[in-house]
Amino acid sequence: MKQITIIGLGAGEADQMSFGVYKQLRQAEYVYLRTKEHPAVSMFEEEDIPFQSFDHIYETHDQFGEVYAQIVEELLAAGEEAFIYAVPGHPLVAEETVQRLIEEEKKGTVQLHIQGGQSFLDPAFSALRIDPNDGFQLLDATSLVPEQLMVTQHVIISQVYDQMSASNTKLTLMEKYPDDYMVTLVTAAGTSLEQLETFPLFELDRRASLSNLTALYVPPVKEEALLYREFGKLKEIIGTLREPGGCPWDQKQTHDSLKRYLIEEAYEVIDAVDEKDDEHLQEELGDVLLQVMLHARIAEEEGFFSIEDIIGTLNEKMVRRHPHVFGDIEAETSEEVNRNWEEIKKAERAGAGKETDSLDVPVSFPSLIRAAELQKQAAKQGMPVKEEPLLWEVFETELQEWKAALQGTDKEKQKETFGSVLFVLVTIAGRYKLHPEESLHTANRHFEKQYKAKNGQ
């Protein structure tokens, strides 16, 4: 089995290497280097240590993943049965080729010996005068996404080596930090060429000193207002409101007392959508989220579930109910998606021991919405819907029964027959894919506008 000794060259010049690493390299018959762009590589040339670098591979691929894959492929295909592979820094810090080799080792294709080498982190901490114990993240600029960033921690971003990577990093960071947030570019940390440059974030891709020896430092956010966009801050605020010394109104709320507010906020969202007012919509969606957070906090206090449990359940459900996205099921149209969705729901109900042929529509739904959902579910479970001409005949029959009931004094009969008229109208609306609640909502708004116009409002 091929044996590869992986050695870290450290973060600086050759004189910063440990004697053991230096001695091993000095005695090596042949060394493979991921890159010769490193301060310690001059030692190989000065002391005639034979080596081969993989820098030429970087020029043949656009993606780093492809570069690293080819490097590993060539290492595994090397003629020597035992050799040294040297990488910058520490082999287990921000070194994807080593991680890929470890995966090969798990398959039994190669045996690895991983040794020494100081990573760039220690000299970077020293240069920046920061303690990682306060909270620290090391991230890769080539795969950076906003969701990774924990703005209350020290953040060091590697692989910020040229204008393109700097521009992408800047745009990603600007989704979390202000454009003028002060950041620091660390170059050749721990070497005689060490340099620190501090500047506003928006200037990042204008810096000429970018190289493969640079990393970007983003200090923790301390200003309270800058944390308002963070989910963790929202959770903290809700907790403060509910805790002793918080808000008396929030403290006395229960799941039952909050019901009406959730309904009210949901309808205010609908109003904002109808108004096509994005700023208003943003605010109202926040109010709906507030209701969710309050319910989650109450449940957590009672020991039942937390907001993390809610998110976990939702994520699991979304993945489970979208096998055409996260699995191997095919669905090319929205109709196929809906069919899959219903089949999955049916299987879930069967697995939970619930009747799969029952009509499961919440009683608390507004009556028009509930009527439409009851009819929709009944149709899916095989209950035939009358053809449109017959529906109009049924409507005329129900209308006449209502008119007859209005001639009497039986209020219950009047209410029942009027309800039957509405129910048939909901059925007819469904034939034309009209939602009854939305249709009545539109009529209400139209009436309100006419009223205001008539009264000069």
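This text follows the structure it describes.
Residues numbered from 1 in each chain as written. Predicted model: local features only at pLDDT ≥ 70, side-chain atom pairs only at ≥ 80, totals over all residues. Heavy atoms only, no water.

## Some points on the packing of aromatic side chains
At step 1: In the structure shown here, the tally under the stated rule is 13 aromatic pairs.
At step 2: Consider the rings of Tyr32 and Phe83, whose centres lie 4.9 Å apart with planes at 65 degrees: the pair is edge-to-face. Separated by 51 residues along the polypeptide, Tyr32 in strand β2 (residues 31–33) and Phe83 in strand β4 (residues 82–87) bring together distant segments of the chain.
At step 3: Look at Tyr32 and you get buried, because its relative accessible area is 7%.
At step 4: With a relative accessible area of 5%, Phe83 lands in the buried category.
At step 5: Pairing Phe125 with Phe136 gives two aromatic rings, centres 5.1 Å apart and planes at 85 degrees, and the pair type is edge-to-face. (Phe/Tyr/Trp six-rings, centres within 6.5 Å; stacked < 30°, edge-to-face > 60°. Helix = DSSP H or I, 4+ residues; strand = E, 2+ residues; numbered from the N terminus. Buried < 20%, exposed > 50% of the residue type's maximum accessible area, 1.4 Å probe, protein only.)

## Observations concerning the packing of helix α15 (residues 367–380) against helix α17 (residues 411–431)
At step 1: Running from amino to carboxyl end, α15 crosses α17 at an angle of 60 degrees, the nearest separation of the two axes being 10 Å. Regarding the angle of α15 to α17, the classification is oblique. In this structure, α15 crosses over α17, and the sense of that crossing is right-handed. From α15, Leu368, Ala371, Ala372 and Gln375 reach across to α17, where they touch Phe423, Val426 and Thr427.
At step 2: When the residues that make up the contact of α15 with α17 are grouped by side-chain class, the tally is five nonpolar, two polar and no charged. (Axes fitted to C-alpha atoms, helices over the stretch in contact; angles between N-to-C directions. Parallel < 35°, antiparallel > 145°, perpendicular 65-115°, else oblique. Left-handed = near helix turned anticlockwise from the far one by under 90°. Contact = heavy atoms within 4.5 Å. Nonpolar A, V, L, I, M, F, W, Y, C, P; charged D, E, K, R; others polar.)

## Re the nonpolar core
At step 1: Counting residues in hydrophobic clusters, the biggest one holds 22 residues, and the most contacted among them are Ile157, Leu173, Tyr177, Leu216 and Val218.
At step 2: The set of elements that each furnish at least two residues to this core consists of β7 (154–158), α7 (163–173), β8 (182–187) and β10 (214–218).
At step 3: Excluding residues within four positions of it along the chain, Leu216 makes contact with Val155, Ile156, Ile157, Val160, Thr169, Leu173, Val183, Thr184, Leu185 and Leu204.
At step 4: Ile4, Ile6, Val72 and Leu75 belong to the second-largest nonpolar core, a separate cluster that totals 20 residues. (Core = buried A, V, L, I, M, F, W, Y, C linked by side-chain atoms within 4.5 Å.)

## Examining the side chain of Glu398
At step 1: Here Glu398 lies in helix α16 (residues 388–406).
At step 2: Although buried, Glu398 forms no salt bridge, and the nearest oppositely charged side chain, Lys413, lies 8.1 Å from it.
At step 3: For Glu398, the residues in contact, after removing those within four places along its chain, are Thr417, Ser420, Val421 and Val424. (Lys, Arg positive; Asp, Glu negative; His and termini not counted. Salt bridge = Lys/Arg side-chain N within 4 Å of Asp/Glu carboxyl O.)

## Quick notes on the pattern of salt bridges
Where side chains of opposite charge bring their charged atoms close, a pairing between them can arise.
At step 1: According to the stated counting rule, one finds 22 salt bridges in the structure shown.
At step 2: Lys170 serves as the salt-bridge partner of Asp205, at 3.2 Å between the closest nitrogen and oxygen. Here the residue Asp205 occupies a position in the loop between β9 (195–200) and β10, and Lys170 occupies one in helix α7, the gap between them amounting to 35 residues. Of the two residues, Asp205 and Lys170, neither departs from the other in class, the shared state being buried.
At step 3: The partner of Glu387 in a salt bridge is Arg431, and the shortest N-O contact between them spans 3.6 Å. Taken as a pair, Glu387 in the loop between α15 and α16 and Arg431 in helix α17 lie far apart in primary sequence, 44 residues in all.
At step 4: On the basis of relative accessible area, Arg431 is assigned to the partly exposed category, the value being 37%.

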